[in-house]
Amino acid sequence: MVLTSILASYLLVPIVRVGSICSEDFVLFYAQVKRVAFPRFFFLSNDEMLEILSETKDPLRVQPHLKKCFEGIDSLRFEHNLDVTAVISAEGETVQIVDKFNPQTSQGAVEKWLLQVEEQMLMAVQDQCLKGVTAYAVTARTRWVLEWPGQVVLVVSAIYWTQAATEAILKGGNAVPEFETFCTNQLGDIVNLVRGNLTSLNRMTLSALVVMDVHARDTIAVLASAKVTTETDFLWQSQLRMYWEQNTCWVRMMNAGIEYGYEYLGNSSRLVITPLTDRCYRTLMGAIHLGMGGAPEGPAGTGKTETTKDLAKALARQCVVFNCSDSLDYLAMAKFFKGLAASGAWACFDEFNRIDLEVLSVIAQQVLEIQIAVQNRVKTFTFEGTELTLKHSCNVFITMNPGYAGRSELPDNLKALFRTVAMMVPDYSMISEIMLYSGGYLLVRALYTISLSLRPHYSLRQSRYSCMLFEIVCQVVDYIEMIIRKC
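Fair warning: this is a prediction, and the values are worked out from it, not measured in the lab.

Turning next to the pattern of salt bridges. Scanning the entire structure with this criterion turns up 14 salt bridges. Residues Glu 147 and Arg 143 are paired through a salt bridge, measuring 3.1 Å at the closest nitrogen-oxygen approach. On the accessibility criterion, Glu 147 (43% relative accessible area) is partly exposed. Of the residues examined, Arg 143 reaches a relative accessible area of 48% and is grouped as partly exposed. Lys 415 serves as the salt-bridge partner of Glu 409, at 2.8 Å between the closest nitrogen and oxygen. The exposed category is assigned to Glu 409, whose relative accessible area is 57%. Exposure remark for Lys 415: the relative accessible area of 38% places this residue in the partly exposed category.

Take the packing of helix α11 (residues 275-289) against helix α12 (residues 304-314) next. The contact between α11 and α12 brings their axes to 10 Å, and the two run at 65°. The orientation of α11 relative to α12 falls into the category roughly perpendicular. Along this stretch, α11 crosses α12, giving a crossing that reads as right-handed. Residues Thr 277, Cys 280, Tyr 281, Leu 284 and Met 285 of α11 form the contact with α12, whose participating residues are Thr 307, Thr 308, Asp 310 and Leu 311. A breakdown of the residues in the contact of α11 with α12 according to their chemical character gives five nonpolar, three polar and one charged.

Cut-offs and rules
- Residues numbered from 1 in each chain as written.
- Predicted model: local features only at pLDDT ≥ 70, side-chain atom pairs only at ≥ 80, totals over all residues.
- Heavy atoms only, no water.
- Salt bridge = Lys/Arg side-chain N within 4 Å of Asp/Glu carboxyl O.
- Buried < 20%, exposed > 50% of the residue type's maximum accessible area, 1.4 Å probe, protein only.
- Axes fitted to C-alpha atoms, helices over the stretch in contact; angles between N-to-C directions.
- Helix = DSSP H or I, 4+ residues; strand = E, 2+ residues; numbered from the N terminus.
- Parallel < 35°, antiparallel > 145°, perpendicular 65-115°, else oblique.
- Left-handed = near helix turned anticlockwise from the far one by under 90°.
- Contact = heavy atoms within 4.5 Å.
- Nonpolar A, V, L, I, M, F, W, Y, C, P; charged D, E, K, R; others polar.

See the structure below:
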């Protein structure tokens, strides 16, 4: 009875002795057990996690907290008998799960049915990809893109683009230039769709698809101009390519080959891929292949964090972004690392060199432990006194602003665990062009120089600038199109 009251009042500040265990210690022990059972709880505070666990009787009351555990899931679709039949994103996109389940069978253990949600989410996305690959071959693309979830549209389109590009390269002759023309026509068809009457959900899907299609067309144009004739050519191998093999998707770049993660990420936008983005991708994929972390570094506003997050989207991985400060200690970082190792997620530690030097030295040893465990392909390992089940997809990425006041120099033993890549000023004119394409605007090339005069101070965040630039240039395009129609 006393223990029950303790769990019910976990926010109680005064320490009350229960035998030899105080209530505060008991709550921490209880939280640790639940986190090991459902590793995504490691990314939540004690208050957030225990608030979820307190909803043992009514699964519907857990729904407002799902976003804290699953990036792409806003809610679940419950039937009248509380069977879960689908996951729903914040944008309103619905994905049917393969095997429905009922949370009541877990007898009040919230972490157990949340594990079922995770398992069914991964199965549902893989099932949709499998069906999407089959349907793509027998359906007109302009109709197919409107019938499938946004994430499936992007990955299946990339799979067929990779296949067709490989065939064109091996065929030789004029096959690659002809495929470039084919990609241009495909892009035009999608842009025309964007200009038509669409639901907001379909418009979001097509906008993200246009961003990827523009990069796909530009890549083929480079291959055609370089007269690439072999599949092993560096220009082709250095591209992010997707292959459908044995009912699963593999993502390859250079020597790295990584299985698609199938984490449901909703119908979200994608980052415009510039040469800077491609270079960062190559470094990060190479780091993953070597069992190391990635470390983009450069001034603010160059897209370090956004590029890491977008690569996670391309590979369908959960990516948790953590803003570092000098108040962090090694215990807080250890909790985070436990979550990464046990859940298989990625972490992007923003402005990592703000952490104190003494703490960075301990963090180096913690990261090394995880990397050694992943390289040795162990199934379980002991980390900071806790035995964890290891998922080999986990990885650590850091971003740094070198040369700023209050930044620490990374210790040598920490530097050795990461592959660095320098991030420069992005190509804003290219970004604005592709964002206009994704919005359905066709008079883009004529406006290429407009964005050059609109560059703000480099310290503005890239996402903030992109939105501002997009709004300004769209207004200019609307005005020009209005004049053309009057003429």
